[in-house]
Amino acid sequence: MAFSSAEAAGDLEKLQKAFQQVTAVFGSVDAILEAFGLANMPSAQRYGILFGFLVFITTVSAVLALLILGGSFKRIAEQAVTGKPTLLTSTEVRKERPLLLETLLEGRERLQKNYSPPTLTDQLTNLTQMLLNVAPDPVEDDDEEEDSTQQHGEEKKSHKERYVPPYYEENYSSAYRKCQDQPGGKVLSGRPEARFEAYARGFAGCGPYTSLDYRRSYARQYESICCATHQSDDKYTELFDQRPADIIGRFVRLEAMSVDRHLNELFHLTDGSPRLDKKAYDPLEVWGFQPEGPFRTPNDMHKSFVFQRKFNEAGFAMVHSVTERITGVILLTNDAPEHLSIQMEPPIMAPNNQGTQQQMEACFLLLDRLFAYGYRRIQMAVDSQDPDGNKLANRLGFTFEGVLLRHMVLKDASRDSSIYGLLNSDWKKGARAVLFGKLYGEAALKIDQTNEQREAEKDEQSKKLAEMKEKETTTESKKQA
């Protein structure tokens with residue numbers, strides 16, 4: 001419907017008149033209602049509309065106050081000038097975490113005097129030794145001194161004996177024969193036994209107390225890594241001769257932490273200084289959420305939790321498979337064998353190594369071996385403000401179980417911890433397969449599962465045949481008796 005100019009002018013005049021009345025009698029509620037044509041409405045509706053108007057004004061005022069007092073307008077102005085976001089990083093948030101009251105710190109110090117400090121060591125703990133590979137070690141006896149007057153002038157003799165761990169030879173021989181029947185790939189030209197030896201080393205190196213399915217999987221992975229080329233065979237054969245206890249992965253290997261071998265390189269890796277093609281960074285990006293650090297000298301790091309182990313802890317250095325340089329360390333704490341549980345700490349790494357295949361594989365290698373030894377639960381307790389640690393727990397397949405408020409006191413400040421758990425049942429039902437596929441690809445996962453099914457069936461057949469043979473031997477012995 002079209003409106004005439006006279007009608008439009010009349011409406012405009014009415015609106016202007018209404019606003020003039022509002023401004024003239026602003027202090028009168030009834031006048032305001034009269035101006036908007038609400039005077040004849042029932043009282044309940046009039047006051048409802050008035051109340052809604054007041055709520056609207058209050059809400060808008062509160063939002064504006066929060067934007068101003070919360071610094072949003074200030075950040076917007078800064079971003080307009082710098083062109084960069086001004087939100088606090090996780091490291092800056094950690095810096096601004098309030099310290100505990102002096103009375104609480106004094107109370108903590110007083111309570112700690114009731115207990116003797118735990119015994120610490122920078123040597124291998126029993127937990128570390130258990131998780132490492134086993135292998136025969138050359139043991140050299142002291143030279144036997146002969147009396148110079150002994151007949152025929154016999155010279156001094158030196159004997160070398162080779163210590164062989166329990167069940168090692170038996171496991172090595174059976175694995176060698178198994179790989180002869182079914183090698184994991186093409187035989188290297190000129191080295192027909194390379195695959196058999198690699199598989200046997202990997203299988204027997206897992207020790208007699210890990211699960212069979214784990215030993216078979218680790219041995220196949222080790223075989224494929226060693227026998228990819230002639231160069232890789234040379235490399236890992238030499239590495240086995242020098243460091244047979246290392247846990248081998250495709251991207252990284254785990255070495256038991258050693259002060260002489262790892263201290264200086266780890267210090268320079270995490271002190272924030274530029275390294276090779278990496279730029280300088282704030283060392284708090286590494287140590288901000290750790291109990292100690294950054295460290296001023298390598299000696300300070302040596303005295304810290306990084307190298308000083310309790311009896312129920314273990315520490316491993318992560319060494320890149322190609323560059324042979326340390327990429328970080330990974331620690332296990334709170335080992336409780338009576339409950340078949342243990343805690344894994346987020347790896348300590350330079351910022352550029354966070355989220356890499358090396359980090360993920362190092363965690364996978366330890367998780368797989370811990371469950372193979374019979375642990376039922378592996379826990380991660382991560383600072384609730386640590387984004388990298390929380391993200392890692394989720395990527396590894398851990399289940400978020402809740403937040404422990406005021407869980408710890410670190411660097412004189414309160415820490416809330418996000419608790420994550422991974423159970424052996426979850427690992428077997430799919431968590432391991434998902435992580436294996438992420439690391440090595442779906443094709444490698446399918447091969448691993450196929451090999452496991454085939455070898456499990458073959459082992460079961462061999463077991464049945466051995467039982468039947470033993471039964472027949474027993475029966476014949478009884479008849480002869």
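Residues numbered from 1 in each chain as written. Predicted model: local features only at pLDDT ≥ 70, side-chain atom pairs only at ≥ 80, totals over all residues. Heavy atoms only, no water.

- The name given to the protein in an unreviewed UniProt entry is N-acetyltransferase domain-containing protein, with the source organism recorded as Fistulifera solaris.

1. A look at the pairing of strand β10 (residues 399–410)
Line of reasoning, step 1. Note that β10 and strand β11 (residues 413–423) share eight bridges and pair antiparallel. When the bridges of β11 are listed, Thr399 appears paired with Gly421.
Line of reasoning, step 2. Counting the residues between successive antiparallel strands, the hairpin from β10 to β11 contains two residues, one of them, Lys411, with a positive phi of roughly 55°. (Pairing = 2+ DSSP bridges. Helix = DSSP H or I, 4+ residues; strand = E, 2+ residues; numbered from the N terminus.)

2. Quick notes on the environment of Ala314
Line of reasoning, step 1. Among the structural elements, Ala314 can be located in strand β5 (residues 314–320).
Line of reasoning, step 2. What makes Ala314 buried here is its relative accessible area of 0%.
Line of reasoning, step 3. Spatially, the C-alpha atom of Ala314 lies 4.9 Å from that of Thr128, the residues being 186 residues apart in sequence.
Line of reasoning, step 4. If near-sequence neighbours (up to four positions away) are discounted, Ala314 is found in contact with Thr125, Leu127, Thr128, Arg309, Ile330, Leu331 and Leu332. (Buried < 20%, exposed > 50% of the residue type's maximum accessible area, 1.4 Å probe, protein only. Contact = heavy atoms within 4.5 Å.)

3. Some details on the packing of helix α9 (residues 194–205) against helix α10 (residues 212–226)
Line of reasoning, step 1. Packing of α9 against α10 leaves a shortest axis separation of 7 Å and a crossing angle of 140°. Overall, the two elements α9 and α10 adopt an arrangement that is oblique. Regarding α9 and α10, the two cross each other, and that crossing is right-handed. Residues Arg195, Ala198, Tyr199, Arg201, Gly202 and Phe203 of α9 lie in contact with α10, whose contacting residues are Leu212, Arg215, Arg216, Tyr218, Ala219, Arg220, Tyr222, Glu223 and Cys226.
Line of reasoning, step 2. Of the residues belonging to the contact of α9 with α10, the class tally is eight nonpolar, one polar and six charged. (Axes fitted to C-alpha atoms, helices over the stretch in contact; angles between N-to-C directions. Parallel < 35°, antiparallel > 145°, perpendicular 65-115°, else oblique. Left-handed = near helix turned anticlockwise from the far one by under 90°. Nonpolar A, V, L, I, M, F, W, Y, C, P; charged D, E, K, R; others polar.)

4. Digging into unusual backbone geometry
Line of reasoning, step 1. With omega at 0°, the peptide bond leading from Gly293 into Pro294 counts as cis.
Line of reasoning, step 2. A positive phi angle, close to 60°, is found at Glu324, a residue other than glycine.
Line of reasoning, step 3. By the element assignment, Glu324 lies in the loop between β5 and β6 (326–336).
Line of reasoning, step 4. Since its relative accessible area comes to 36%, Glu324 is described here as partly exposed.
Line of reasoning, step 5. Of note, the phi angle at Leu340 is positive, near 55°, even though the residue is not glycine.

5. Re the state of the cysteines
Line of reasoning, step 1. With the rule as written, the count across this model stands at zero disulfides.
Line of reasoning, step 2. With no disulfide of its own, Cys227 lies 5.9 Å from the sulfur of Cys226, the closest cysteine sulfur.
Line of reasoning, step 3. Taking the relative accessible area as the measure of exposure, Cys227 reaches 2% and is therefore buried. (Disulfide = S-S within 2.5 Å.)

6. Observations concerning the side chain of Arg432
Line of reasoning, step 1. Within the secondary structure, Arg432 sits in helix α17 (residues 424–440).
Line of reasoning, step 2. Once you skip the residues sitting within four places of it in the chain, Arg432 turns out to touch Ser217, Phe364, Asp368, Trp427 and Asp448.

7. Some details on α9
Line of reasoning, step 1. Its 12 residues place the ends of α9 16 Å apart at the C-alpha level, agreeing with the 16 Å of an ideal helix rising 1.5 Å per residue.
Line of reasoning, step 2. By the burial criterion, the buried members of α9 are Ala194, Arg195, Phe196, Ala198, Tyr199, Ala200, Arg201, Gly202, Phe203, Ala204 and Gly205.
Line of reasoning, step 3. Its buried side turned inward, α9 meets α8 (168–181), α10, α11 (230–242) and α18 (442–480).
Line of reasoning, step 4. Positioned one or two residues after α9, Gly207 has a phi angle of 85°, which is positive. (Expected span 1.5 Å × (residues − 1).)

8. Section: the nonpolar core
Line of reasoning, step 1. In terms of nonpolar packing, the biggest core is built from 61 residues, with Phe316, Leu332, Met344, Met380 and Phe398 touching the most fellow members.
Line of reasoning, step 2. Ranked by residues supplied to this core, first place goes to helix α15 (residues 357–372) with 10 residues.
Line of reasoning, step 3. Those residues in contact with Leu332 that lie beyond four places of it in its chain are Leu127, Leu131, Asn312, Glu313, Ala314, Phe316, Ile342, Gln343, Met344, Leu366 and Leu370. (Core = buried A, V, L, I, M, F, W, Y, C linked by side-chain atoms within 4.5 Å.)

9. Remarks on a nonpolar patch on the surface
Line of reasoning, step 1. Together, Phe53, Leu54, Phe56, Ile57, Val60, Leu64, Ile68, Leu69, Phe73 and Ile76 line one region of the surface with nonpolar side chains, adding up to about 1000 Å² of accessible area.
Line of reasoning, step 2. Top element by residues in the nonpolar patch is helix α3 (residues 43–69). It accounts for eight residues.
Line of reasoning, step 3. Here Ile68 lies in helix α3.
Line of reasoning, step 4. For Ile68, a relative accessible area of 55% puts it in the exposed group. (Patch = residues over 30% accessible without salt bridge, like charges linked within 9 Å, V, L, I, M, F, W, Y side chains within 5 Å. Areas by Shrake-Rupley, 256 points an atom, 1.4 Å probe, with all protein chains shown as cover. Salt bridge = Lys/Arg side-chain N within 4 Å of Asp/Glu carboxyl O.)

10. Describing the pattern of salt bridges
Line of reasoning, step 1. Per the counting criterion, the structure on display carries 23 salt bridges.
Line of reasoning, step 2. A salt bridge links Asp383 to Arg97; the nearest nitrogen and oxygen atoms lie 3.0 Å apart. Within this pair, whereas Asp383 is found in strand β9 (residues 377–383), its partner Arg97 is found in the loop between α5 (90–95) and α6 (102–112), the two being separated by 286 residues in sequence.
Line of reasoning, step 3. The residue Asp459 makes a salt bridge to Lys178 at a minimum N-O spacing of 3.2 Å. On the criterion of sequence distance, the pair formed by Asp459 in helix α18 and Lys178 in helix α8 is long-range, its members being 281 residues apart.
Line of reasoning, step 4. Residue class for Lys178 comes out buried when judged on its relative accessible area of 12%.
Line of reasoning, step 5. Through salt bridges with shared partners, one network takes in Lys235, Arg243, Asp246, Arg253, Glu255, Arg261 and Glu324.

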